[in-house]
Amino acid sequence: MPKLTPPISIKSLKALTVGDEIADGGCAGLRARCGASGVVWSVMVRDSDGVRKRLEVGRWPDIGVPEARELANQYRAAIKRE
């Protein structure tokens, strides 16, 4: 049975240290990565040619978890329309 990834929470975001990255079990492809300048939201998508792309969604805490999920879904839909 596949391991389920838990949804990202504020607690898990606050626990990130530089170099850490976590996937969101609440939204396919959404990830939070901690760099020296803070936590960045990104989404992994495949374009119409099957090429994987990582698109930056924004920065936390400017963009919260629900907003990041919504933006990730919008990015994914836009890539599929291309």
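Here the residue numbering is sequential within each chain, running from 1 through the sequence in written order. Restriction of local features to residues with pLDDT of at least 70 applies here, the model being predicted, together with a cutoff of 80 or more for giving and counting side-chain atom pairs; totals for whole chains, interfaces and linings are based on all residues. Hydrogens and water molecules were not included; the side-chain quantities draw on all heavy atoms of the structure.

A. View of the overall build of the protein chain. Helix and strand assignments follow DSSP, with helices taken as H or I runs no shorter than four residues and strands as E runs no shorter than two, numbered in order from the N terminus. Per the secondary structure count, the protein chain includes two helices and four strands. Ordered by position from N to C terminus, the α and β elements of the protein chain give α-β-β-β-β-α. The globule rule used here is 2.2 Å times the number of residues to the 0.38 power, and the radius of gyration it is set against is calculated over C-alpha atoms. Computed over its C-alpha atoms, the radius of gyration of the protein chain comes to 13 Å, within 12% of the 12 Å expected for a compact globule of 82 residues. Along the three orthogonal principal directions, the C-alpha set of the protein chain runs to about 35 × 35 × 20 Å. Exposure categories follow from relative accessible area, calculated using a 1.4 Å probe and restricted to protein chains: below 20% of the type maximum is buried, above 50% is exposed, and the middle band is partly exposed. Looking at the 82 residues of the protein chain, the share that counts as buried comes to 32%. The long-range fraction of contacts in the protein chain, counting pairs at least 24 apart against all pairs at least 6 apart in sequence, stands at 27%. Per-residue and other accessible areas were derived by the Shrake-Rupley procedure at a 1.4 Å probe size, with only the shown protein chains allowed to occlude residues. For the protein chain, the exposed area adds up to about 5400 Å²; of that, 54% sits on carbon and sulfur atoms. Lys and Arg are tallied as positive, Asp and Glu as negative. Neither His nor the chain termini are counted. Lys charges are placed at NZ, Arg charges at CZ, Asp charges at CG and Glu charges at CD. Seen as two clouds, the 14 positive and the 10 negative side-chain charges of the protein chain have centres 5 Å apart. Note on contacts: a residue pair is in contact if any heavy atoms of the two residues lie within 4.5 Å.

B. Representation of the pairing of strand β2 (residues 30-35) in the model. The alternating pattern of β2 places L30, A32 and C34 on a buried face, while none of R31, R33 and G35, on the opposite face, is buried. Between any two strands, at least two bridges found by DSSP are needed for them to pair. Bridge count for strand β1 (residues 21-23) against β2 is three bridges, and the pairing is antiparallel. Bridge pairing in β2 links A23 to R31. For β2 and strand β3 (residues 38-46), the ladder comprises six bridges, and the chain directions are antiparallel. Across the sheet, the residue bridging to R33 is V40, located in β3. Between β2 and β3, which follow one another and run antiparallel, lie two residues.

C. The arrangement of the pattern of salt bridges in detail. Each salt bridge in this description consists of a side-chain nitrogen of Lys or Arg and a carboxyl oxygen of Asp or Glu lying within 4 Å of one another. Going through the model one piece at a time under the given rule, you end up with five salt bridges. A salt bridge links R31 to E21, with the shortest nitrogen-to-oxygen separation between them at 3.9 Å. Separated by 10 residues along the polypeptide, R31 in strand β2 and E21 in strand β1 bring together distant segments of the chain. Among the residues examined, R31 registers a relative accessible area of 25% and is labelled partly exposed. Overall, E21 belongs to the partly exposed group, its relative accessible area being 33%. One connected set of salt bridges, linked through shared partners, spans E21, R31, R33 and R54.

D. Fine view of the side chain of S42. Relative to the elements of secondary structure, S42 occurs in strand β3. With relative accessibility at 3%, the residue S42 sits in the buried group. Within the local environment of S42, its side chain forms a polar contact with the side chain of R54, the two groups lying 3.1 Å apart. Contacts of S42, omitting those with residues within four sequence positions, involve G29, L30, R31, R54, L55, E56 and V57. Counted as a polar contact is a pair of N or O atoms within 3.5 Å, where, for protein atoms, one must be capable of donating a hydrogen and the other of accepting one, and residues adjacent in sequence contribute only when both atoms are in side chains.

So far we have only geometry, and geometry alone does not tell us how the molecule works.
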